[in-house]
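# Observations on chain architecture
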Amino acid sequence: MIQTAVATWTVLGHILPELLLIGIGVLLIGCDLFIPRQRQVLPWLMVIGCITALIMVLGARPVTAFGGMFLVDGYAMVFKTICLGAVILTALSSEPFWQVFGARQGEYYSLLLFSLVGMLLMASAGDLMVLYLGLELMALPVYALVGMHKRDQRTSEAAVKYFLMGAFASALLLFGMSFLYGLTGTTEIGRIAELIVSMQLDANPALLAALGLLLAGLCFKVAVAPFHFWTPDVYEGAPTLVTAFMSVGPKAAGFAIFGRVLLYGLPQLQNHWGPILAVLALLTMAVGNITALCQHSLKRMLAYSSIAHAGYALLGLLAGTDEGMAATVAYLVIYLFMNFGAFAVLMLLAAPGQSREALDACKGLASRHPAIAALMLVFLFSLTGIPPTGGFIGKFYLLRAAFIAGYPLTVVGAVLFSAISAFFYLRVVRLMYMSDADDPVTLTCSPAMGAVLCVCLAGTLGLGLFPGFLLNWIVAALAGN
Amino acid sequence: MSMPLLSILIFFPILGGLSLLCVSRQHIATIRTMALLVSLVELCLTLTLVLLFDRSTHEMQFVEQSPWIPALHVNYSLGIDGISILFLLLTALIIVLSVLVSWESIGSKVAEFFIAMLLLEGAMMGVFCATDCILFYIFWEAMLIPMFLIIGIWGGPNRIYATIKFFLYTLVGSLLMLVGIIILYEYGGRTFDIRQLAEQAYPLKLQLVLFWAFFAAFAVKVPMWPVHTWLPDAHTEAPTAGSVILAGVLIKMGAYGFLRFSLPILPDATQQMALPMLVLSVIAIVYGAIICLAQTDLKRLIAYSSVSHMGFVTLGLFVLNQRGLEGSILQMINHGIVTGALFLAVGMVYKRTHTREIAAYGGLASVMPVYAGFFLLLTLAAVGLPGTNGFIGEFLILLGGFECQPWSAVIAASSLILGAWYMLWLYQRIFFGAVKAEMVGLAQLSPREIITLAPMAILILWIGLYPNGLLSFLHVPVAHLLNQVHGAGLSGAALLPGVAPLP
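What counts, and at which threshold
- Residues numbered from 1 in each chain as written.
- Chains lettered and ligands numbered in written order.
- Predicted model: local features only at pLDDT ≥ 70, side-chain atom pairs only at ≥ 80, totals over all residues.
- Helix = DSSP H or I, 4+ residues; strand = E, 2+ residues; numbered from the N terminus.
- Rg over C-alpha atoms; globule rule 2.2 N^0.38 Å.
- Buried ≥ 20, exposed ≤ 12 C-beta atoms within 10 Å, placed from the backbone.
- Contact = placed C-beta atoms within 7 Å.
- Expected span 1.5 Å × (residues − 1).
- Bend = angle between axes of the 7 residues up to and from the residue.
- Nonpolar A, V, L, I, M, F, W, Y, C, P; charged D, E, K, R; others polar.
- pLDDT = per-residue confidence, 0-100.

Scanning chain B from terminus to terminus reveals 21 helices and 2 strands. Its C-alpha atoms give chain B a radius of gyration of 22 Å, near enough to 23 Å, the size a compact globule of 503 residues would have. Based on the C-alpha atoms only, the size of chain B along its principal axes is roughly 70 × 55 × 40 Å. The proportion of buried residues among the 503 residues of chain B is 61%. Taking as baseline every contact in chain B between residues at least 6 positions apart, the subset at least 24 positions apart corresponds to 81%.

Structure follows, in structure tokens:
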């Protein structure tokens, strides 16, 4: 049964935030072309647009638009909030970052915005077509963003690698979707779940093949082992700001479609994908944490750590329940603040002509810049999962969810790997506080960067001390479906 | 109580510590004075609590409860009983003395040091006050951060190795405890409240799993043999104040954890596992004492003596009778005082000589007579001479041991001889004999140093002569605790594992 929706102007109201952002994206290109002297307004225009969109998203009434293709529900709202938050933080730190590197490119902001629209579509996708559309809209601008440093070989390599890998992953995903369509005759995610029950497809080998292909494609997108090989190189090669953005925004959007497909589209196959994801989560934590141990570059270390964190975030999906999903969402919110904070400190370390991405760059930071070192300390302890930071609350919620889902051994594995992770996070703390600097460098912290760091600190510590509000909000939003 | 006294107790040092951030970093004298003031006010607060405390009930007092994370069923619930109040008092006292002993010995990053110390104090207070598992865990782990920094930044030459070892050992143990807490939550009716969890009966197999999960955290912290190896490194490399806090309070938390979690919540498993625990305790007692004889480093020797003394504490815990438990808790306080004071004393002499090698010392008694007097008292208390507090604790533990498993008491008692051997030998090597050339002309103890040691000396004699002052706090809660252990499930004291029927 295919529903046909009559397109009226009122329907557009439901996608107003997306339309607004597209409008601003186009406007930014225009501003960049015609009033190049006023470029400093671009990030502010963008931040204002994102905040307006955020208010619209938070205030939107739950609705199913475009015949079920576009869902405005609590699930979409929480993920959209995370993606908007990630872009706001990125936009705020853009100006100081590009000043250091001297590469001022107006299209950067529009690319970021178009990617954001893609992420919002992914969060709202109620149909495999919209889901794929959003995914590609998110990914294409990011391929270009990764290659922003045109003259840096590493960057070009990263961009090409990311593009090829991304295209490959999209193909896998599309292949899986075509199987689903072939079996059920619909691309609407909710209908697929109903049809699997009514047509008793749950033991059909073709459906299992579809599941496998979808899982592989999704795991590529959120960098879950063994589909993570692109991550370290791309994260290391991309400009630090883009890496920071990629590690929080697109990853959250990836988890949005991950959850949407598995929880809403294939809940009957939970006994198949649950154990697979449990194994993949453990493998991801193992690969991320153990490989991070032997990195010499702080940026690459954070790249591996972000792989490991994808493994933790998977734990919430295992149960296939709203409660478990709430744990993943809560973790992604907290992860946004702590990971972006750590990357922001890394951006501060950079200077014109020197990227200073090695671990040694933070030697003796505490003596020169006690405040920045203290911030980094908080972010790193939060990434380790030590209370009273948000990282602990997030991890605890995930472990609880995984235990309730019936995976006690996965939980034990997760805590052991998080103990291993302590070693490499602590190494940075050790270098900052317990070693002397090789070459005394003074860092400059612009007001915008200061604001980003303050927001990240407030998020990391605030969510550690008073997480009740956030968790209630997420649980209520997810239960509202 | 209308005043949230316990919250004040926890957050006053934290806020006090953070207020040091407002002081300009050049005004070191102001920073020190403020830190001292904060710790003194905290001590006064604790004393107020002691005066208001009702000794006749085992119920939690000064209870505070409010929902904290409703989505996870975590409450902000605090409360203390007769057991925890003694530790609060000990903590407050130790911190005051640690501030005093760090007055001049900490030269760099002074503000950071005192901030770390006061944050640590707040977290330690929180551990002893929390009656919600997750709140307890949060304070328990939060302690790690300041302690990691204290050892790692202001410690000795090998500090980085020591502090990372300390951090990782403790973290692995704690994380396993976190898994245990989550399991307990699932099977205990979805609550994290320690009292509610203790009221329920769990199947024996589950209890055993949980017992070992909690054991991982607590045994590392105590530390019990064979997971004690972080302790000598951490104690040796930490700055004086760090060693004092470690020995005085931090390692007591392991035993406190056994008292709060393992005994009341997992009574059957505790009885089943009492025998292995006694064996581990006795090994720790004898092993620690023998290792002490071979040490050439002053702080390392005291660190290993801690292993031995904490063996007595766990022995007292797992004999599971009134005398043993009371003795064990008292011995924790005693050990905090005596070993804390020994580290203070060692710190004072280290500041003058800059060596911890025992062989470098000699004839100190004629150079620093007042110091020698204090050290003698501490040595005798560590050995357990009647009249000092060490005697009371060890004697009670041994009595308890004879009632339950005589062999354990016999072996433990015989190792007291080893204790006397290594401590008196240490005293002889340092204070008697010919005066070494480097020892000539060392400064006498300053009034500030005497003020630092005097409270410890007074406490040693006071507890030694009138132990009931502290024991009176313990009678009721310990009796209640034993009811919880013996009341449920298996009857009688500590059955052998093989005898107990498996479900």
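Let us look at the overall build of chain A. Looking only at helices and strands, chain A features 19 helices and 2 strands. Relative to its length of 481 residues, chain A is compact, with a C-alpha radius of gyration of 21 Å against a globular reference of 23 Å. With respect to the three principal axes, the spread of C-alpha positions in chain A is 70 × 60 × 40 Å. Considering chain A as a whole, with its 481 residues, one finds that 59% of them fall into the buried category. Taking all contacts inside chain A whose residues are at least 6 apart in sequence as the whole, residues at least 24 apart take part in 80%.

The next subject is helix α13 (residues 267-293) of chain B. Between its first and last C-alpha, α13(B) extends 37 Å over 27 residues, near the 39 Å set by a 1.5 Å rise per residue. If you look at α13(B), its biggest bend is around 50°, right at Met273(B), and the proline Pro276(B) turns up within four residues after that.

With that out of the way, let us pick up the interface of chain A and chain B. With 26 residues of chain A in contact, the opposing surface of chain B contributes 26 residues. When contributions to the side of chain A that touches chain B are tallied by element, the ones reaching two or more residues are α16 (390-404), α17 (408-434) and α19 (468-479) of chain A. Considering every element that reaches the side of chain A that touches chain B, the biggest residue donor is α17(A), with 11 residues. Of the residues in the side of chain A that touches chain B, the class split is 21 nonpolar, 3 polar and 2 charged.

Now for the environment of Leu301(B). Residue and element names in this part refer to chain B. In this fold, Leu 301 is placed in helix α14 (residues 298-318). Given 25 C-beta atoms within a 10 Å radius, Leu 301 is considered buried. Residues Leu 301 and His 486, spaced 185 residues apart in sequence, show a C-alpha to C-alpha distance of 38 Å. Every residue in contact with Leu 301, bar those within four places of it in the chain, is listed here: Cys 292, Gln 295, Tyr 422 and Leu 426.

All right, on to the confidence of the model for chain B then. Across chain B, the average pLDDT comes to 86, with 96% of residues at or above 70. Scored below 50 in pLDDT, residues 489-503 of chain B shows 24 contacts in the model against residues more than four places distant or in partner chains.

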